[in-house]
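# Structure at a glance
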Amino acid sequence: MIFNSQSNLDHSLSFGVPANNAKVIHSGIDLDKFHLITQQQFEQPIRIICPGRLEQRKGQLDAIKLIDRLMKIGINATLTLVGKSYSKNFLERLNFKVSAIGLQKQVRILGMINQEEMVRLYQNSDICFFTSKQKAGFSRTPLEAMACGSIVISYGNEGSNEIIIDGENGFVVNEGSIEDVAAIIRNLVNSPKIVSRIITNARKTVEDKFNLEKYILNVEDLISKQVCSKVIDERIS
């Protein structure tokens with residue numbers, strides 16, 4: 001049995017799935033499609049992207065709160081929410097929140113876009129705020145952003161805490177800690193060397209550990225070992 005994240009394995013075990021001998025092989029992404037664009041420092045407005053299905057558990061309301069907080073501490077920022085809307089009511093809540101705090105010029109809400117457009121959006125964003133509050137799963141969103149040069153700040157959910165080394169290739173904060181996220185961004189604005197180091201480390205992480213080719217080879221290697229082991233056992237018996 002193969003799981004694509006430790007969080008998925010732990011979630012299954014908590015429900016009594018007999019998966020104690022399961023292996024975790026993290027999914028990878030195609031680096032030929034997700035290209036790196038490196039920038040040495042942020043220029044205001046800070047461009048923030050928040051990808052994901054538009055629904056409560058994906059946490060997009062927190063991203064809007066972040067823009068409000070950044071503006072109040074003197075950091076000009078824009079936010080792009082991108083993803084399919086599964087709830088008309090939640091979409092209305094997002095729009096109401098934006099209007100209520102006067103951020104119509106700072107926030108735009110897109111629907112689904114194709115992969116090429118998504119790559120360009122990552123490349124043109126300084127920060128990818130991964131606000132998902134869904135615990136289990138393994139989202140490729142942080143990997144895609146890291147590969148394209150967008151610094152990821154995450155709540156650590158959907159397996160992102162298995163990808164990100166806090167302060168090295170991205171940042172992990174406590175869920176809902178808008179003040180902490182704002183502080184990280186304020187520090188990055190004034191620290192071009194840190195920005196460059198995080199982007200470089202993030203790309204290297206994806207290349208070394210989470211590329212699609214490596215994922216396929218790891219799966220093939222595991223299957224091959226299992227088949228060989230079974231053949232040997234049958235011959236012995």
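In this numbering scheme, every chain counts its residues from 1 along its sequence in written order. The predicted nature of this model means local features are confined to residues of pLDDT at least 70 and side-chain atom pairs, given and counted, to a pLDDT of 80 or more, with totals for whole chains, interfaces and linings taken over all residues. Neither water nor hydrogens contribute to the side-chain values; these are computed over all heavy atoms in the structure.

### A look at the pattern of salt bridges
Short version of the rule: Salt bridge criterion: a side-chain nitrogen from Lys or Arg within 4 Å of a carboxyl oxygen from Asp or Glu. Numbering goes from the N terminus for both helices and strands, where a helix is a DSSP run of H or I of at least four residues and a strand is a run of E of at least two. With a 1.4 Å probe rolled over the protein chains alone, any residue whose accessible area is under 20% of its type maximum counts as buried; one over 50% counts as exposed, and the rest are partly exposed.
Counting across every chain of the model gives 12 salt bridges. Ionic pairing is found between D62 and K65, a salt bridge with its closest N-O pair at 4.0 Å. Of the two residues, D62 and K65 are both situated in helix α2 (residues 60-72); the distance of 3 residues between them amounts to about one turn of the helix. Overall, the relative accessible area of 5% leaves D62 in the buried class. Looking at K65, the relative accessible area reads 39%, which means it is partly exposed. Via salt bridges that share partners, R53, E55 and R57 belong to a single interconnected network.

### Here we look at the packing of helix α5 (residues 141-148) against helix α7 (residues 192-209)
The criterion, for reference: Geometry is summarised by axes, namely lines fitted to C-alpha atoms with helices restricted to the contacting stretch, and by angles between N-to-C directions that run from 0 to 180 degrees. Small angles under 35 degrees read as roughly parallel and large ones over 145 as roughly antiparallel, with 65 to 115 read as roughly perpendicular and the rest as oblique. Here a crossing is called left-handed whenever its near helix is offset anticlockwise from the far helix by less than a right angle, and right-handed whenever the offset is clockwise. Note on contacts: a residue pair is in contact if any heavy atoms of the two residues lie within 4.5 Å. Nonpolar residues are Ala, Val, Leu, Ile, Met, Phe, Trp, Tyr, Cys and Pro. Charged residues are Asp, Glu, Lys and Arg, and all others, Gly as well, are polar.
As a packed pair, α5 and α7 sit with axes 7 Å apart at the nearest point and diverge in direction by 120 degrees. The angle between α5 and α7 falls in the class oblique. Here the hand of the crossing between α5 and α7 comes out left-handed. Contact with α5, carried on its side by L143, M146 and A147, involves A202, R203, T205 and V206 of α7 and no other residues of that element. Residues belonging to the contact of α5 with α7 are distributed by class as follows: 5 nonpolar, 1 polar and 1 charged.

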